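What follows is each chain in one-letter form.
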Amino acid sequence: MNLQNQKSKIEPESSSNDTCASSIVQPITTSNAPSTTGSMLRLSLWVSFSAWISNFDNGYAGTVLIMPSYKHAFGSCEQVLDPNTYANIQYCSLTPLQQSLISLNFLFIAIGGGIAGVTGQYIGRRGSIQAGCTLAIIGAAGMLGTSGSFLRYMVCRSISAVGLGQLMAASVTYGSECIVANKRGLSLGLYNVGLAGGNVAAFAVCAGSAHLEPTNDWQWKTPILCQIPLGVILGAGILMLPESPRWLMGHGREEEARISFSVLYNQSPYSPEITAQIDNIRTNLANERESLKSVSFFDIYSRKHVGRTLTSAMIMVGIAITGIQFVQPYATLFLKGVGISDPYLINVIIGLCILGGSFFGPFIVEYGGRRVAMLSGYIVMAVCMLTLSSVSTALGMDETAEIVTVVLLCLWAFVFGGTIAASANLSSVEMHSVSLRTFGQANTTVFYGIFAFGATFWTPYMLGAAYGDMGPNVGYFYAGVTAVIGILTFLFVPETAGVTLEQIDEGFNSGIKAWKTSLPKNKAIASQKRNMAGGNVGA
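Novice: Just give me the short version of a nonpolar patch on the surface, but keep the residues and values in it.
Specialist: On the surface, a nonpolar cluster with roughly 490 Å² of combined accessible area is contributed by Ile-487, Phe-490, Leu-491, Phe-492 and Trp-515. Position of Leu-491 relative to the elements: it lies in helix H19 (residues 474-492).

Shown next as structure tokens:
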């Protein structure tokens, strides 16, 4: 069959003003609208795998701080008298500065996110993910040979972090541009499952390697070694998936975009549904470029787009500073400091709580909405942190208070996994316009990296006995921060579930206030648009 002849039958030459009219006359029903296909599911799983790798690195980084072999490799050692046996033993410790410097990783994640704005723009979403995998593999391989030199360890870790920043910025953008609108939240909720799964896997690997001899460097090297084959699998496997059709359209490669949509929708490249989607993207890009003329990074801070840019950044900053950078990397250190035995095991349990919540996350963000997920999550998380500190203040750290601390941290983790983690990554990328999404999400990743660095840097000083020595009182601080982020979310984050990325653009252009948006209203808008277009509007 001659596809070019088919194209002329479905999409006769017309002006952009005739696009809607030509779509309406197509004899299509709403039952023909694209739905989730096997290709979309595979893409969602691969995007979640990139999240798994990113959070695996973050999960092990704080846990190894209490490993004897890690302290021996990078800390200061001295001979001390064992109070039980009165024998001379070697005691090794890390300074608070060394503990805080693991947070330097997030600054390089920010740099990687910024670089993703360039690689994502010029070599595509898949190419950016492959570049990130390459750097992560190089960094992990280098760390394996750095025992005894904390400087070399941090240099290699920073190289790996640049790669992880690219993965974080490119993967969720890639997924959001390829999944059909009415299943975008459900499918990309798997990204959060990947984050939680990587976290649990890191804790579990560390819990296992902790049983090696205290002087065996493989105690801390084992989780690093795991990252190398994972990066190879992700980088090679991404070639089995199509490039983002919206990226292809943005670079004038319409025929390739049709083929990409055809793989994702499991339809002919010139089907009415794909043609309508192509028309919508083309019209949207034309409208944007009419005012922008050319697209550059600085356009995200233009008067028209600065609000969307800062809203996206605020969403991810909220993740960084409301407690996850305390619970995830430093829960082991904190629990050991308040006298709770076997902090490795409890850390695994907390990780499992995040993972358990993440299984509910896709359904919450798809059928409840992004705003509902974030607002309810922040309320419960603030209450958990406030209660944790209040109980400890009232009871002291006795056995009852220790049990309450673990229970509340687990509840906090479950709620975080099911609401904030599930909605924030997805919602942040949906804030940007179609033509500026690459640069916008790169900017968001930079903001996230900077604030995550701050959150992980100040935590050891807040907990250290010689410095803040806050102990359980740290909950008061995070409860206050969470309340502020919750208020900002209510005021500035609109509901984006149930509508296409182009319809989100229309909502921002209309100037509607964030608190006046909702999932039922979005469904009504999407239904109206489908009826106007004959039911063939897709992702």
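Novice: Quick rundown of helix H17 (residues 399-430)? Include the residues and the values.
Specialist: If you check H17, its first and last C-alpha atoms are 45 Å apart, about what 32 residues at 1.5 Å a residue would give, namely 46 Å. Of all the bends found along H17, the most pronounced is centred on Phe-416 and spans about 45°. The buried fraction of H17 is high, at 24 of 32 residues.

Novice: Pulling in residues and values, what's your account of helix H10 (residues 218-237)?
Specialist: Since the α-helix turns once every 3.6 residues, residues separated by three or four places project in the same direction. The end-to-end C-alpha distance of H10 is 28 Å, a good match for the 28 Å that 20 residues give at a rise of 1.5 Å each. Along H10, the positions that sit buried rather than exposed are Gln-219, Trp-220, Lys-221, Pro-223, Ile-224, Gln-227, Ile-228, Leu-230, Gly-231, Leu-234, Gly-235 and Gly-237. Against helix H3 (38-63), helix H4 (68-74), helix H7 (124-143), helix H8 (150-178) and helix H9 (184-209) lie the buried residues of H10.

Novice: So, the pattern of salt bridges: which residues are in play, and what are the values?
Specialist: Enumeration over the complete set of coordinates arrives at 11 salt bridges. Asp-505 is the partner of Arg-308 in a salt bridge, and the nearest nitrogen-oxygen pair spans 2.6 Å. Placement of Arg-308 in helix H14 (residues 306-337) and of Asp-505 in helix H20 (residues 501-510) is noted, with a sequence separation of 197 residues between them. Taken individually, Arg-308 and Asp-505 each receive the classification buried, so the pair is uniform in this respect. In this structure, a network of salt bridges that share partners links the residues Glu-254, Arg-258, Asp-279 and Arg-282.

Novice: An account of unusual backbone geometry is requested, with residue identities and associated values reported.
Specialist: One non-glycine residue, Asn-266, lies in positive phi territory at about 60°. Among the residues examined, Asn-266 registers a relative accessible area of 66% and is labelled exposed.

Novice: A description of the side chain of Ser-39 should follow, citing residues and the corresponding values.
Specialist: Mapped onto the fold, Ser-39 is located in helix H3. Polar contacts involving the side chain of Ser-39 include one to the main-chain carbonyl oxygen of Val-263, which spans 2.9 Å. Among all residues touching Ser-39, those that are not within four sequence positions of it are Val-263 and Leu-264.

Here is what the cut-offs are and how they apply
Throughout, residues of each chain are indexed from 1 in the direction in which the sequence is written. It should be noted that, the model being predicted, local features are given only for residues of pLDDT at least 70 and side-chain atom pairs only at 80 or more, the latter also being counted only at that level, while totals for whole chains, interfaces and linings use all residues. Excluded from the side-chain calculations are hydrogens and water; all other atoms, namely the structure's heavy atoms, are used. Distance thresholds for patches are 9 Å for like charges and 5 Å for nonpolar side chains (Val, Leu, Ile, Met, Phe, Trp, Tyr), applied to residues having over 30% relative accessible area and no salt bridge. Per-residue accessibility takes into account occlusion by the displayed protein chains alone, with areas from the Shrake-Rupley method and a 1.4 Å probe. Salt-bridge detection follows one rule: a side-chain nitrogen of Lys or Arg within 4 Å of a carboxyl oxygen of Asp or Glu. Numbering of helices and strands runs from the N terminus; a helix is a DSSP stretch of H or I covering at least four residues, while a strand is a stretch of E covering at least two. One fewer than the residue count of a helix, multiplied by 1.5 Å, yields its expected span. At every residue, the bend is computed as the angle between two fitted axes, covering the seven residues ending there and the seven beginning there respectively. We call a residue buried when its accessible area falls under 20% of the maximum for its residue type, exposed when it is over 50%, and partly exposed in between, using a 1.4 Å probe and counting protein chains only. Between two residues, a contact is recorded if the distance between any of their heavy atoms is within 4.5 Å. Between N or O atoms, a polar contact is any pair within 3.5 Å; within protein, one atom must be a potential hydrogen donor and the other a potential acceptor, and residues adjacent in sequence are included only when both atoms are from side chains.

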